[in-house]
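Examination of the molecular architecture
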Amino acid sequence: MNPPRSIGRQLNFTAGRMNALCQQLLDPYDLSLPQWVILSCLWREGELSVGVLSDSVGTGLPATSRIIDRMVDRGLVSRKRHRTDGRVMIVALTGKGLELQHLADFHERINEIVLGGFTPDEAALAFDLLKRLQQNAQNALP
């Protein structure tokens, strides 16, 4: 088979392999990649609203809320109402969530693996090109 030379196809295949790698490395901690991303935001920033987490994670509010629901059930995070705006839900780490903070540099480990054999200049270029692809796609949206 001779597949078309498509940036979208290549990005999808690459993202799929990277997600599988991340999941394999997170399985011993019983974490999904979306859960790690939320924990990572909380480890860096402290308590955050569900809306801010949704924007940071890049998923919609309903999907982010479902991920947080599972994390609350597992005791990784807690939810409470904002002290001045009761419509806003704030997410905070629990002790169990803080215990996983040794995974805060997880993304650096993944970068080392997927950028193996790249020079520092090539790695910087890869980030730059991906950002430009993302921006071009964003600019083409209405």
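Please refer to the structure higher up on the page.
Here we summarise the structure given alongside this text. (Residues numbered from 1 in each chain as written. Predicted model: local features only at pLDDT ≥ 70, side-chain atom pairs only at ≥ 80, totals over all residues. Heavy atoms only, no water.)

Bringing the packing of helix α1 (residues 7-26) against helix α6 (residues 106-114) into the picture now. Remark: α1 packs on α6, axes separated minimally by 11 Å, with the N-to-C direction vectors making an angle of 130°. With respect to α6, the axis of α1 lies oblique. Read as a crossing pair, α1 and α6 show a hand that is right-handed. On the side of α1, the interface is formed by M18, L21, C22, L25 and L26, while α6 contributes F106, I110, I113 and V114. When grouped by side-chain class, the residues that make up the contact of α1 with α6 number nine nonpolar, no polar and no charged. (Axes fitted to C-alpha atoms, helices over the stretch in contact; angles between N-to-C directions. Helix = DSSP H or I, 4+ residues; strand = E, 2+ residues; numbered from the N terminus. Parallel < 35°, antiparallel > 145°, perpendicular 65-115°, else oblique. Left-handed = near helix turned anticlockwise from the far one by under 90°. Contact = heavy atoms within 4.5 Å. Nonpolar A, V, L, I, M, F, W, Y, C, P; charged D, E, K, R; others polar.)

Looking at the secondary structure, you find S54 in helix α3 (residues 50-57). Setting aside residues up to four positions removed in sequence, S54 forms contacts with T59, G60, L61 and T64.

Gaps left between atoms are located by rolling a probe of water-molecule size over the structure's atoms. Space inside the largest pocket adds up to approximately 1300 Å³. Around the largest pocket, the lining is made up of 25 residues, and of these M18, N111, V114, F127 and L130 lie nearest the centre. Put simply, the parts of the chain that give the lining of the largest pocket at least two residues each are α1, α2 (33-45), α6 and α7 (120-140). The leading source of residues in the lining of the largest pocket is α1, at eight residues. Considering only residue class, the lining of the largest pocket consists of 18 nonpolar, six polar and one charged. (1 Å grid on protein atoms, 1.4 Å probe; cavity = no way out; pocket = protein on both sides within 12 Å on 5 of 7 lines; lining within 4 Å. Points joined across faces, edges and corners; volume = space filled by probe spheres on them.)

Grouped together as the largest cluster of nonpolar side chains are 24 residues, with contacts concentrated most on I38, L53 and V77. Breaking this core down by element, the ones donating at least two residues are α1, α2, α3, α4 (61-73) and α6. Ranked by residue count, the leading element in this core is α2, at seven residues. Discounting residues that sit within four places of it in the chain, V77 has contacts with L39, L42, I68, M71, V72, V91, A92, L93 and T94. (Core = buried A, V, L, I, M, F, W, Y, C linked by side-chain atoms within 4.5 Å. Buried < 20%, exposed > 50% of the residue type's maximum accessible area, 1.4 Å probe, protein only.)

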